[in-house]
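Each chain, written out:
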Amino acid sequence: MKILFSPSEAKNSFCDNAPLDENSLIFKELFSKRLEILNAYNDFIKNSNLDELKAFFELKNENEVLSFKKDIFLQGSCEAIQRYSGVAYEYLDFPSLDELSKKYVRENTVIFSNLLGPILASDKIPNYRLKQGSKIGTISLENFYKIHFKKALDDFLKDEDVIDLRANFYEKFYKIDKKFYTYKFIKNGKTVSHFAKAYRGLLLRILAQNKIQDNKDLLKKLPSNLNLVDIKLIKNKEEISLEILE
């Protein structure tokens, strides 16, 4: 079982491990392609003035901006699963999981970083700031990773059941060509978007706690406030709709 997951804009700033290198990330054979992006990012923040960086980072506070104006290759790193701290990660609550559940998350969760592309939850990454959909110069990152990392991801997922818990935007990084499962959350008859992040995090937590290897087993472990409404097969995607109960 492999789970595809979104990153978050919010991040923890601690750096317990050595700086990023080719051994930090999955798909070592493609590290040179990641370097193209990382060097472009480094060059941009090095050569941009304060106003340009405020616009790029979408920050107003000068001290916050300057905290990200650092050589990304000299910063310490930490596990991706502990770097991100947004809503989905709050509901996953990785630190509270037992060790075997943490191992499941580390080995089976692929996170689609806006800067680094597809990484494992266990990969060591620096702190960075890059908004969803941002370009570095003329480089469209989602197109770059879609072109250069598709075969590696296809091979990695070939013999696995796949649950896609990504926000829709991250489908631009990688399109799944085999059968996979995805989840939609409904409340009061309407599909929820922002709060869906919380339930994606909760589903990842359930997957980890139960070491689930089959989507049918996940459906059996749903909490009482999530009610199965519908299952649709759309080409190679099995879309499960869950109603959020009060």
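Everything quoted here is computed from the prediction, not taken from an experiment.

Rules and cut-offs
- Residues numbered from 1 in each chain as written.
- Predicted model: local features only at pLDDT ≥ 70, side-chain atom pairs only at ≥ 80, totals over all residues.
- Heavy atoms only, no water.
- Helix = DSSP H or I, 4+ residues; strand = E, 2+ residues; numbered from the N terminus.
- Rg over C-alpha atoms; globule rule 2.2 N^0.38 Å.
- Buried < 20%, exposed > 50% of the residue type's maximum accessible area, 1.4 Å probe, protein only.
- Areas by Shrake-Rupley, 256 points an atom, 1.4 Å probe, with all protein chains shown as cover.
- Lys, Arg positive; Asp, Glu negative; His and termini not counted.
- Charge placed at Lys NZ, Arg CZ, Asp CG, Glu CD.
- Salt bridge = Lys/Arg side-chain N within 4 Å of Asp/Glu carboxyl O.
- 1 Å grid on protein atoms, 1.4 Å probe; cavity = no way out; pocket = protein on both sides within 12 Å on 5 of 7 lines; lining within 4 Å.
- Points joined across faces, edges and corners; volume = space filled by probe spheres on them.
- Nonpolar A, V, L, I, M, F, W, Y, C, P; charged D, E, K, R; others polar.
- Contact = heavy atoms within 4.5 Å.

What about the overall build of the protein?
- Secondary structure assignment for the protein yields 9 helices and 12 strands.
- Scaling as 2.2 N^0.38, a compact globule of 246 residues should have a C-alpha radius of gyration of about 18 Å, and the protein matches this with 18 Å.
- By principal-axis analysis of the C-alpha atoms, the protein measures approximately 50 × 40 × 35 Å.
- Within the protein, buried positions represent 49% of all 246 residues.
- For the protein, the computed accessible surface area is about 12,100 Å², with 48% contributed by carbon and sulfur atoms.
- Across the protein, 40 positive and 36 negative side-chain charges occur, with their mean positions spaced 3 Å apart.

So, the pattern of salt bridges
- Summed over the entire model, instances satisfying the criterion amount to 15 salt bridges.
- A salt bridge links glutamate 9 to lysine 131; the shortest N-O distance between them is 2.9 Å. One end of the pair, glutamate 9, is in the loop between strand 1 (2-5) and helix 1 (31-47); the other, lysine 131, is in the loop between strand 5 (124-125) and strand 6 (135-136), and 122 residues separate them in sequence.
- Residues arginine 166 and aspartate 164 are paired through a salt bridge, measuring 2.9 Å at the closest nitrogen-oxygen approach.

As for the layout of surface pockets
- When its volume is computed, the largest pocket comes out at roughly 720 Å³.
- As for the largest pocket, its lining consists of 35 residues, and the residues nearest its centre are Ser6, Ala167, Asn168, Lys197 and Arg200.
- Contributions of two or more residues to the lining of the largest pocket are made by helix 5 (87-92), strand 9 (180-187), helix 8 (196-210) and strand 12 (237-244).
- In terms of residues, the lining of the largest pocket owes the most to one element, strand 9, which gives 4 residues.
- In the lining of the largest pocket, the residues fall into 14 nonpolar, 9 polar and 12 charged.
- Considered as a void within the structure, the second largest pocket measures approximately 250 Å³ in volume.

Some details on the environment of serine 241
- Mapped onto the elements of the fold, serine 241 is located in strand 12.
- Spatially, the C-alpha atoms of serine 241 and isoleucine 119 are 27 Å apart, while their sequence positions differ by 122 residues.
- Contact partners of serine 241, with chain neighbours within four places excluded, come to Lys184, Ile186, Asn227, Leu228, Val229 and Asp230.

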